[in-house]
Amino acid sequence: MLAFSEKTEAQFQELVARYPEDQRQAALLPTLWLAQEEWGWLSPETMRYVAQRIGVTPAHVLGVATFYTMFLTEKPGEHLLEVCTSVSCCMTGGRETLRSLCDKLGIEPGQTTPDGKFTVRAAECLGSCDTSPMMQVDNDAYVENLNEEKLVALISELSDKPWGTRTKLASFTAAGDRRL
Amino acid sequence: MAFQKVVSRHFDVPNAHDIAVYESLGGYQAARKALAMEPGAIIEEVKTSGLRGRGGAGFPAGMKWSFIPKDSPKPKYLVVNSDESEPGTFKDRKLIECDPHSLIEGVIISCFAFGSHQAYIYIRGEFNQQRIHLNDAIQQAYDKGYLGDNVFGTGYTIHLSTHRGAGAYICGEETALLESLEGKKGQPRLKPPFPATHGLFQSPTVVNNVETIATVPWIIANGGAAYAAMGTEKAKGTRLMSVSGHINKPGVYEIEMGMPFKDFLAENLGGVWKGRTLKAVIPGGSSCPILTAEEAMNLTLDPEAIAAIGSMAGSGGMMVIDDQTCMVDLLEDLTHFYAHESCGQCTPCREGTDWLYKIIRRIESGRGTAQDLDDILDIADNMEGKTICALAAAATMPTRSYIKKFRDEFVAHFEHRGCPYKQAKVPAGAGA
Ligand SMILES: Cc1cc2nc3c(=O)[nH]c(=O)nc-3n(C[C@H](O)[C@H](O)[C@H](O)COP(=O)(O)O)c2cc1C
Ligand code: SF4
Ligand code: FES
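Residues numbered from 1 in each chain as written. Chains lettered and ligands numbered in written order. Predicted model: local features only at pLDDT ≥ 70, side-chain atom pairs only at ≥ 80, totals over all residues. Heavy atoms only, no water.

Asks: Any chance you could explain the side chain of Arg131(B) here in plain terms?
Replies: As for its position among the elements, Arg131(B) is in helix α7 (residues 128-143). Despite being buried, Arg131(B) has no salt bridge partner; Glu37(A) is the closest side chain of opposite charge, sitting 5.4 Å away. Ignoring sequence-local partners within four residues, the contact set of Arg131(B) consists of Ile123(B), Thr162(B) and Arg164(B). (Helix = DSSP H or I, 4+ residues; strand = E, 2+ residues; numbered from the N terminus. Buried < 20%, exposed > 50% of the residue type's maximum accessible area, 1.4 Å probe, protein only. Lys, Arg positive; Asp, Glu negative; His and termini not counted. Salt bridge = Lys/Arg side-chain N within 4 Å of Asp/Glu carboxyl O. Contact = heavy atoms within 4.5 Å.)

Asks: In this structure, what is going on with the nonpolar core? I would like to understand it.
Replies: For soluble globular proteins, the rule of thumb is that nonpolar side chains tend to be buried together. Formed by 82 residues in total, the largest nonpolar core has its most connected members in Leu32(A), Tyr68(A), Phe71(A) and Tyr402(B). Ranked by residues supplied to this core, first place goes to helix α15 (residues 327-341) of chain B with seven residues. In this view, Tyr68(A) contacts Leu29(A), Tyr122(B), Ala166(B), Gly167(B), Ala168(B), Cys171(B), Ser180(B), Lys184(B), Lys185(B) and Gly186(B); residues no more than four positions away in its chain are not counted. In this structure, Ala123(A), Ala31(B), Ile42(B) and Ile219(B) belong to the second largest nonpolar core, which totals 69 residues. (Core = buried A, V, L, I, M, F, W, Y, C linked by side-chain atoms within 4.5 Å.)

Asks: Looking at this model, I keep getting lost on the sheet that holds strand β4 (residues 141-143) of chain A. Mind explaining?
Replies: Within a sheet, each strand pairs with its neighbour through backbone hydrogen bonds, oriented either parallel or antiparallel. All names here are of chain A. Strand order across the open sheet formed by four strands is β2-β1-β3-β4, with mixed pairing between neighbours. The open sheet has two edge strands with one neighbour each: β2 (118-123) and β4. Within this sheet the neighbouring strands show an average axis-to-axis angle of 25 degrees, counted without direction. Judged from the six bridges that link them, strand β1 (residues 79-84) and β2 form a sheet pairing that is parallel. Across the sheet, residue Leu80 finds its bridge partner in β2, namely Thr119. Sheet contacts for helix α7 (residues 148-159): β1, β2, β3 (135-137) and β4; angle to β3, the most-contacted strand, approximately 10 degrees. (Pairing = 2+ DSSP bridges. Axes fitted to C-alpha atoms, helices over the stretch in contact; angles between N-to-C directions.)

Asks: Hey, could you run me through the pattern of salt bridges in this one?
Replies: Pairs may arise between side chains of opposite charge once their charged atoms sit close together. In this structure the tally under the stated criterion is 35 salt bridges over all chains. A salt bridge links Lys104(A) to Glu148(A), with the shortest nitrogen-to-oxygen separation between them at 2.5 Å. One end of the pair, Lys104(A), is in helix α6 (residues 94-105); the other, Glu148(A), is in helix α7, and 44 residues separate them in sequence. The class of Lys104(A) is partly exposed, set by a relative accessible area of 34%. Two residues, Lys91(B) and Asp92(B), come together in a salt bridge whose shortest N-O distance is 2.7 Å. Accessibility assignment for this pair places Lys91(B) and Asp92(B) in one class, buried.

Asks: Looking at this structure, how should I read the site of ligand 2?
Replies: Close to ligand 2 lie Ile170(B), Pro188(B), Ser342(B), Cys343(B), Gly344(B), Gln345(B), Cys346(B), Cys349(B), Thr387(B), Ile388(B), Cys389(B) and Leu391(B). A per-class count over the shell around ligand 2 returns eight nonpolar, four polar and no charged. (Near = heavy atom within 4 Å. Nonpolar A, V, L, I, M, F, W, Y, C, P; charged D, E, K, R; others polar.)

Asks: I keep staring at the site of ligand 1 and nothing clicks. Help me out?
Replies: Residue and element names in this part refer to chain B. In the region of ligand 1, 17 residues are neighbours, and Gly55, Asn81, Asn208, Asn209 and Thr212 sit closest. The contact in question runs from an oxygen atom of ligand 1 to an N or O atom on the side chain of Asn81, over 2.9 Å. At 2.7 Å from an oxygen atom of ligand 1 is found a side-chain nitrogen or oxygen belonging to Asn209. Protein contact buries 89% of the 610 Å² of open area that ligand 1 shows by itself. (Polar contact = N/O pair within 3.5 Å; in protein donor to acceptor, adjacent residues only side chain to side chain. Areas by Shrake-Rupley, 256 points an atom, 1.4 Å probe, with all protein chains shown as cover.)

Asks: What is the right way to read the confidence of the model for chain A from this model?
Replies: Regions with low pLDDT carry predicted coordinates that are not meant to be interpreted in detail. Scored by pLDDT, chain A has a mean of 91; 91% of the residues are at 70 or more. Counted against residues more than four places away or in other chains, residues 170-180 of chain A, with its pLDDT under 50, gives 24 contacts. (pLDDT = per-residue confidence, 0-100.)

Asks: Would you mind going over the pairing of strand β2 (residues 118-123) of chain B with me for this structure?
Replies: Every regular strand shows the same layout, with side chains that alternate between the two sheet faces. Residue and element names in this part refer to chain B. Along β2, six of the six residues are buried, which leaves the element largely enclosed by surrounding structure. Neither face of β2 is open: one carries Gln118, Tyr120 and Tyr122, the other Ala119, Ile121 and Ile123, and all of them are buried. Sheet topology note: the strand β1 (residues 77-82)/β2 ladder contains six bridges and is parallel. Paired with Leu78 across the strands is Ala119, a residue of β2. Pairing between β2 and strand β3 (residues 159-164): six bridges, direction parallel. Counted as the bridge partner of Ile123 is Arg164 from β3.

This is the structure in structure tokens:
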């Protein structure tokens, strides 16, 4: 039987308290996030566990999880690379960047490398149109103003990082990219 | 009154996201002032300012708040829409990154104005770093006693937390957002009833955009009249524009309502990139009908002027397009977006957006015929006004405008049996 780690359990309790007591279901999306960050993706077993913790049916959880693109109901590679190809990025090199990334990894968009390291997908507008071409890494960090050099450096930097290392992309938060 | 920056006034101040810096700039004084006011007087001040929603629909903010029933026994909610997924739009992200406390201060004032004790900021799942950043700012406000059970020592309670979405454009539509917040698929609700009476958890709810709420502290500090003194007769004040595409200086700019596009392009945006010529402009996000260069160059940037030539000010997501761009290719990418993002509840939208995309892809690949254009317009007729939410129209309206204004490019695709501009190496949305 699955169970959240102690740290995640504490976050879960804090989360549930944000919503009215009789509206526990409101915590579903945030709880799916906790589960996905804990186990890397949402397996059927994970979704059953979340259903039980929230008090909804597993079918409801499956319906919700598959509705949203960021919830991964199939096991992805260790790193998820999503290049924006929406309108503005499409005008400024997004598709070419996606192509180049795929060529470097020897896969097509939507696929995972044979070593299970990288999954590449096209994304819809990520709200970073002014720093196109850009991509999101592991549902987290944005890597912006991409060029060939950066793609190569990114692949090599990520190659050494196992799944779950919160992507602090040292080389990409440097000057020139937007800082927080 | 001469133009001055309102919501972007702290964008260039280093570390304005830190509460100490924010307060040194006069931050949280407006909230203190507001909490000493009559709630009704706050709403009046916002009405006087003429502030309209910045999420796309442009509904007057003060009026929206006044629809919240005063005598309801149910709790009232404020939900801030930070889903920001309309292609071409990234202003709310910038605001959260640079000046999160102005949003939090706006939340405090707004909640007090219409009697809410609980607010949620629904933030798109992709903005994970921004969410963490915003959570830090919220924690600072709690630590100072500006949020919690005794806001500024007044005894008034306001709780605020972020709520992370998970990747769905449709969750920007306010009722889909509420469904999503309730732990369901983000599928829009039939209206009426409206969120003002049956919103989050079937309780009275105000949904406002990030920029709308972040403008409120300035209005309370400086007075609604000072805000209304900027802009045009009908469109008051200033707004943020997210500008991207083929320009030299993409980014977020605050402009006074009614600024001529021509000046904006030359003075702020540094002109069209690579020394090329302007071909077209999408004025307010991908859902807005496209403008030709000529239309754009004669335009002033305010909702009325943009509506007068058949487009929309929308979310302020402006995309500038140069003369080397294939409009059919661009439309293929655009229709792919709507086909991908339709929530699937309404048959005309679910099927229609997909047909539009497939037909336009066929034209782009050189296998289209003149009949296709008639079919597209016929499909559009059968989508508009026949669906639960505005996503269907958000796909058909731009589609119509591309065909109307750049018909010769579609015809060229039929004649050349392919794309005369063909440079694209990957079909739109492959692998999405
Ligand atoms: C398909 C669709 C997507 C939308 N996306 C957003 C969005 O990302 N952000 C936003 O603030 N409003 C969005 N809206 C508008 C909201 O429904 C709503 O009008 C707005 O959040 C109200 O806030 P405002 O009055 O402050 O603008 C969208 C509407 C539709 C139909
Ligand atoms: S119009 Fe489209 S997106 Fe809106 S509710 Fe209907 S199917 Fe969903
Ligand atoms: S179109 Fe790519 S980030 Fe907006």
